[in-house]
Number of protein chains: 2
Amino acid sequence: ETLSSGDERTARPRNGKAREKTLTMETLNPQVKAVEYAVRGPIVIKAGEIERILQEGGKKPFTEVIKANIGDAHAMGQQPITFLRQVVALCTFPELLDSPSFPEDAKRRAQRILQGCGGRSLGSYSASQGVDCIRQDIAAYIEQRDQGVPSNWENIFLTTGASDGIVSILRLLVSGEGRARTGVMIPIPQYPLYSAAIAELGAVQVNYYLDEDNCWALDVHELHRAYQAAKQHCQPRVLCIINPGNPTGQVQSKKCIEDVLHFAYEENLFVMADEVYQENVYAPDCEFHSFKKVLYEMGPEYFNSVELASFHSTSKGYTGECGFRGGFMEIVNLDPEVKAQLVKLLSVRLCPPVAGQAAMDVIVNPPQPDEPSFAQFHKEKASVLGALADKAKLTEQILSAVPGIKCNPVQGAMYAFPQIFIPPRAVEEAKALGMQPDMLYCLRLLEETGICVVPGSGFGQREGTYHFRYVYLNFLDGSRMILGSSSHSNAKV
Amino acid sequence: ETLSSGDERTARPRNGKAREKTLTMETLNPQVKAVEYAVRGPIVIKAGEIERILQEGGKKPFTEVIKANIGDAHAMGQQPITFLRQVVALCTFPELLDSPSFPEDAKRRAQRILQGCGGRSLGSYSASQGVDCIRQDIAAYIEQRDQGVPSNWENIFLTTGASDGIVSILRLLVSGEGRARTGVMIPIPQYPLYSAAIAELGAVQVNYYLDEDNCWALDVHELHRAYQAAKQHCQPRVLCIINPGNPTGQVQSKKCIEDVLHFAYEENLFVMADEVYQENVYAPDCEFHSFKKVLYEMGPEYFNSVELASFHSTSKGYTGECGFRGGFMEIVNLDPEVKAQLVKLLSVRLCPPVAGQAAMDVIVNPPQPDEPSFAQFHKEKASVLGALADKAKLTEQILSAVPGIKCNPVQGAMYAFPQIFIPPRAVEEAKALGMQPDMLYCLRLLEETGICVVPGSGFGQREGTYHFRYVYLNFLDGSRMILGSSSHSNAKV
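Per chain, residues are indexed from 1 in the order of the written sequence. Numbering of ligands from 1 and lettering of chains from A proceed in the order in which they are written. Only residues with pLDDT of at least 70 are given local features in this predicted model, and only at 80 or more are side-chain atom pairs given and counted; all residues enter the totals for whole chains, interfaces and linings. To get the side-chain values, all heavy atoms of the structure are used, and hydrogens and water are removed first.

## Points about the nonpolar core
One recurring pattern in soluble globular proteins is that nonpolar side chains are buried together. Ranked by internal contacts, the top residues of the largest apolar core, which has 330 residues, are I169 of chain A together with I169 of chain B. In contact with I169 of chain B, not counting residues within four places along its chain, are F270, M272, A309, F311, M329, I331 and L342 of chain B. Take the buried Ala, Val, Leu, Ile, Met, Phe, Trp, Tyr and Cys residues and link them wherever side-chain atoms come within 4.5 Å; each set so joined is a nonpolar core. The cut-offs for exposure are 20% and 50% of the maximum accessible area for each residue type, with area from a 1.4 Å probe on protein chains only; residues under the lower value are buried, those over the upper are exposed, and the others partly exposed. Should any heavy atoms of two residues lie within 4.5 Å, those residues are considered in contact.

And the structure:
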C-alpha cells in the first residue's frame, strides 16, 4: 500500500505509512535553491569535520585548522577595543555606571546612548531606523570624514550588519518582468552576498569584470560594455561597488570613482557603495575616498541627483565586532515617498540589535584628545591597523614567493585574491569529480596543510582562471602555505 | 527644454535639468509596496508628533503619550532581569569576570558562553545556526518544558528575534505560480508580521477567523472552510498559529491544538507555531501546551511526520529584552536536504547577534536552587509576571466597564483586542475622510487622551466589526481610557 499518486502535496496518509513531506527539494522556493554562499560553503563544512577529528585525537599533517575563509577578526585572536566594550557593558548593566573602574568618558557615552533608548534600556525596541542620537553621531562622523560635505542624520539608517542594509536596498529596487526586470551590476570577483541576494530576489545579475592585470582596478569601459550587453535582456538599474574591494583588496582611486559616478549619472543607475573597509587601507600610495564626497566634489548637478547608498559596519575596520551585527547606511537623493516605504519595510523587523547600535556609536564617536580613554583607544586602534598592514605586506610577499601563485599588491580590506595556476591534469581530475578545479585545489590545501580558504569560483572569476580568497587576519599561515604548495621553497615566516 | 520622453528610466539629463530618479513609487518593487505593518504605522507616527509638541511646551489635554501600540516592556518601565544583564555584561567585558561584585553563577554562565564563541569573544561570528552550547541549552530547556519529549539540538536555530525565523521559514515555503502558488493560512486577527511577510514574498494569504464569541478560540471547522475555499485559487501549504494569541490574548486548549494538528496532518500542511508568549499565561484555568508536546502525545505517526517549526524570543515572557533581538526556532521533521538549504540561506546573513544569543541562553538556563542568584532571579521573574497578570485582569475589567467597548477575557500574551461599537455617523465620517472607521477612532483617542493604540484593521477583523489592540504593559491607561470614551461613566482606576 503506497501513498496516493498524483500531486504529492495533496497526498493523504494511508494505513499508517509515513506521510509525504510538504517541504521537499521539489517544492522548495526555487529562488532559495538558486542562492550560493561559498564563504560558509563545502570547504568550511569540511574544515569543521577536520577540526572534530583533531579534537578527538585523530592525526593530520597539522595540529589545527587555520580559518582563512572569513573576515572574523576576534576568532583569529584580534582583541576587542577596550573602550568599545566598556561602553556596551555599561549600557547593558547600568549599575556599572557607579563603578570606579570604568572611565568617565565611557560612562558619558553610555549615558547618552541610554537616554536615546526607551526606558533607558538596551532592551527596548529602538525606532526602525535606529536610535536618534546614534544617527546624529553617525552624520557628524561622516561630515568629519568627508571634510565638511553635509550629512543629514535623517538619511542614516542603522542596520543589522551591513548585509542587512544591502539586502534591504536591493529589495526596493527589484521590479519588472522579462526585459524590464531589474539588472544589478556587480563586480567580478564579488562578495557573494550580492549574488546570493540577487538570486533570492529574482533580479538579474550583471557582471562587470575587475582588471586583474591592473591591480583589480575598475575600468569604466568595462562598465559600459557590461551595461550595453545587459540592456539586451534586462533593465540595469543598480550599480554595486565594493571599495576597498572584497575579495580583491584593491583601493579605488578618486579618478576612478569620478568615472564610475559619471557613468551612473548618465545611465540613471542607483549606486550602492559597499564601504565597510573604509578604515582598512594599508598601501602608502592609496587613500580611501567615499563615493559621497567624490559625488559632492563633482558639483550640485551630480550631488543633487545621483541616488547613492553607502554601507558601513562594526565588523571590519579596527574593531572587528562581527558578532554584534552593527552597521549603518547613508542614503542620499532617495525619493521621499520611497524613503517612507523603506522605513515601513524595515519596521516589519522592528529594529536592528541595540547593542550593535551602541557599538557603532563608539566607532563614530571615539574618545577625544581631552578625554581619559584617548591614549589607550588610539594605541589599540593603531596596533590593530598596524598588524593588519604588516600582514597585508607579508601575505603579498609570501604568496608571490610560492611557485604557481600570482598575487596582486594588497592595498586594503582583509583579503588577497591570488591567481593559482592549476595544471591541465588537475583540471581534468576535478572535472571528473564534478568539481570546480579551484575547489579541488582548496580541498587539497585544507587536507594537506589545514589552511581553509574559499575557492575563487565562489566569488566569480574570468573563465579559465582560478583563484582563492585568503583572509590575512592570522600570522601563522605563510610558512604552511609554502610547505603545502607543490614547490620546494624553503621560505619560512 | 524637458527630459526626453518615453521610458523614464532611460531618460538622460539635458541642460542641467534634474535627472529623473531611478527609484520612484512607479519603479519600486510592487511586493514592497504591498507590505503593511500597522504596529508602527500612521497612528504611531502621529503619536511621535504629539510627543514632540509636548516636549516643546505645546498644550494637549494630557501631559504624556502612552504607547500602548507595541509590546515593548522596558520602554514602559519594566526593569530588566538582573541576572540576564549580568551574564551579558560579563560576556561583553570579560575583565568583569575578576570583579567580586558579580555572582559566581553569572560568571559560570558567561564563561560557558564565551567558550562557545570564536576567540572567546562576543565579537566573533557564530555559526549561522547559533552558538552550539546555547543550542544545546535550548534543547535541554525544551525537553524539560515538554516533560521529556525529546529535542535534538541540531534542530535548534538561533534567530534575530522570532520575526527573522518566521520570515526565513516562510521564504523556504513559497513556490509555484497561479493556482499552484503557496497559500499561507493565518489567523484573523493576526500579528501583521505574517501578512507583511506574505506580501513581500508574493505568497497567497489565506484567512481563517478566530471565534470572537468564544473567547477568540480557534475552531477547526473554520480551518476546513478556509482551506477548501483557498484550494480554488492557490495551494495552501502552511498553517500559522499564534498561541498565546497576538493581538487577541487567548490561550489554546490542548484539545484545540490536537484538532489543529490532526487537520495539518490530514491536509499535509507545514505548521508554524508562534509560541513567543509561552511564559505569558495568566488566566487560572489556562495552561500553555506546546504544539510539539501535543504532537508527541498524538503518537509516532503524527510525531514522525508533521513538519513543525516553533518560535520563541527574548522579547516577551518576563524578560522583555526586545532590543537584543534574541530568539530561536525548533524545527521537527524537516527534510534533511531542505535543512541544508535553510542553513545555506541563513549563512548569507552570517549569524544572529551574539549578545542576543547570550540573553536567550539565560532564559533557557536560569539560576538553579543551589546557585546564589536563584532567589533574586525568581523574585524578579514572579514580580514581572504577577504585575502582567494584574494588568491583564484590570484591562479586562476597565475595558468591559466602558460603554461601547466589549472585551473578551484576557488569558495571556500582553494584549487585549476589544470590540468597539462605532456609531453609523462616525463610520460615514471616516469613509468621507478615506479612512477606516477604527483608524478614525484610534486617532481621536490619541488626540483626546494621549493613548496610542493600533486599529483592528491593522490586524484584520470580520467585515463590519471594529477593534483596537491595547498593550497592557502600562498601568496608567484605565482611567484615561474611560475619561476619553464618550461615556458618562465615573469609574476610576
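## So, the relation of the copies chain B and chain A
Superposing chain B onto chain A takes a rotation of 180 degrees combined with a translation of 0.0 Å along the rotation axis, leaving an RMSD of 0.0 Å. These values place the two chain copies in the arrangement generated by a two-fold rotation axis. Relative to the rotation axis, the C-alpha of A89 of chain B is the closest in chain B, positioned 2.4 Å from it. An overlap of 99% is found between the interface residues of chain B and their copies at the interface of chain A, pointing to a shared contact surface. Least squares is the method used to superpose the copies, on C-alpha atoms of residues holding a pLDDT of at least 70 in both.

## Comments concerning the packing of helix α5 (residues 132–145) of chain A against helix α13 (residues 354–364) of chain A
Residue and element names in this part refer to chain A. Running from amino to carboxyl end, α5 crosses α13 at an angle of 30 degrees, the nearest separation of the two axes being 9 Å. Considering the angle they form, α5 stands roughly parallel to α13. Judged by the twist between their axes, the crossing of α5 over α13 is left-handed. Between α5, through I134, D137, I138 and Y141, and α13, the contact on the second element is made entirely by Q357, A358, M360, D361, I363 and V364. Side-chain classes follow a simple rule in which Ala, Val, Leu, Ile, Met, Phe, Trp, Tyr, Cys and Pro form the nonpolar group, Asp, Glu, Lys and Arg form the charged group, and the remainder, Gly included, forms the polar group. Across the contact of α5 with α13, the residue classes tally to 7 nonpolar, 1 polar and 2 charged. Angles run from 0 to 180 degrees between N-to-C directions of axes, and those axes are lines fitted to C-alpha atoms, restricted for helices to the stretch in contact. Only runs of H or I of at least four residues qualify as helices and only runs of E of at least two qualify as strands under DSSP, and these elements are numbered from the N terminus. We call two directions roughly parallel when the angle between them is under 35 degrees, roughly antiparallel when it is over 145, roughly perpendicular when it lies between 65 and 115, and oblique otherwise. Note on convention: the crossing is left-handed when the near helix lies turned anticlockwise from the far helix by less than a right angle, right-handed when the turn is clockwise.

## Digging into the sheet that holds strand β4 (residues 204–209) of chain B
Residue and element names in this part refer to chain B. Ordered by their spatial adjacency, 7 strands build an open sheet running β2-β8-β7-β6-β5-β3-β4, and the pairing between neighbours is mixed. This sheet does not close on itself; its edge strands, each paired only once, are β2 (156–160) and β4. For this sheet, the mean inter-axis angle between neighbouring strands, taken without regard to orientation, is 25 degrees. DSSP calls a pair of strands paired once it identifies at least 2 bridges connecting them. Pairing of strand β6 (residues 270–274) with strand β7 (residues 308–313), which is carried by 4 bridges, proceeds in the parallel orientation.

## Comments concerning the packing of aromatic side chains
Paired rings are identified among Phe, Tyr and Trp, the last through its six-membered ring, by centres lying within 6.5 Å, and are further divided according to the angle between planes into stacked (under 30 degrees), edge-to-face (over 60) and tilted (the rest). Counted according to the given criterion, the structure contains 24 aromatic pairs over all chains. Pairing W216 of chain A with F417 of chain A gives two aromatic rings, centres 5.7 Å apart and planes at 65 degrees, and the pair type is edge-to-face. One end of the pair, W216 of chain A, is in the loop between β4 (204–209) and α8 (220–230); the other, F417 of chain A, is in the loop between β10 (415–416) and β11 (419–420), with 201 residues separating them in the sequence. Given the relative accessible area of 3%, W216 of chain A is considered buried. Note on F417 of chain B and F459 of chain B: the rings are 5.7 Å apart at their centroids and 80 degrees apart in plane angle, and the pair reads as edge-to-face. Of the two residues, F417 of chain B is situated in the loop between β10 (415–416) and β11 (419–420) and F459 of chain B in the loop between β13 (454–455) and β14 (466–471); the sequence distance between them amounts to 42 residues. This pair shows no difference in class: F417 of chain B is buried, exactly as F459 of chain B is. Ring pairs connect the aromatic residues F83, Y318 and F377 of chain A, which therefore count as one cluster.

## Side note on the pairing of strand β14 (residues 466–471) of chain A
All names here are of chain A. Buried residues dominate β14, accounting for 6 of its 6 residues. Burial along β14 is two-sided: Y466, F468 and Y470 facing one way and H467, R469 and V471 facing the other are all buried. Relative to β14, β10 runs antiparallel, the two being bridged by 2 bridges. Note on β14: the bridge partner recorded for Y415 is V471. Where β11 and β14 come together, 2 bridges link them in antiparallel fashion. Counted as the bridge partner of Q419 is H467 from β14. Across 2 bridges, the pairing between strand β13 (residues 454–455) and β14 is antiparallel.

## A look at the side chain of Q357 of chain A
Residue and element names in this part refer to chain A. Within the secondary structure, Q357 sits in helix α13. On the basis of relative accessible area, Q357 is assigned to the buried category, the value being 1%. At 2.9 Å, the side chain of Q357 and the backbone nitrogen of V131 are in polar contact. Every residue in contact with Q357, bar those within four places of it in the chain, is listed here: S126, G130, V131, I134, L158 and P352. Identification of polar contacts relies on pairs of N or O atoms within 3.5 Å, with a donor-acceptor requirement for protein atoms, meaning one able to donate a hydrogen and the other able to accept it, and with residues adjacent in sequence counted only if both atoms are side-chain atoms.

## Here's the deal with the environment of S175 of chain B
If you trace the backbone, S175 of chain B turns up in the loop between α6 (161–173) and β3 (182–188). Taking the C-alpha atoms as reference points, S175 of chain B and F459 of chain B, separated by 284 residues in sequence, lie 25 Å from one another. For S175 of chain B, the contacting residues outside a window of four places in its chain are T27, L28, N29 and P30 of chain A together with A180, R181, T182 and R237 of chain B. A distance of 2.9 Å separates a polar atom in the side chain of S175 of chain B from the backbone oxygen of T27 of chain A. Separated by 3.1 Å, the side chains of S175 of chain B and R237 of chain B make a polar contact.

## Side note on the UniProt feature "domain: Aminotransferase class I/classII large" (unreviewed entry) in chain A
UniProt positions are given in the numbering used here, feature names are shortened, and annotations may be inferred rather than shown by experiment. Listed under "domain: Aminotransferase class I/classII large" (unreviewed entry) in the UniProt record, and renumbered for this structure, are residues 119–461 of chain A. Note that residues 119–461 of chain A is 42% helix and 16% strand, and that its end C-alpha atoms are spaced 51 Å apart.

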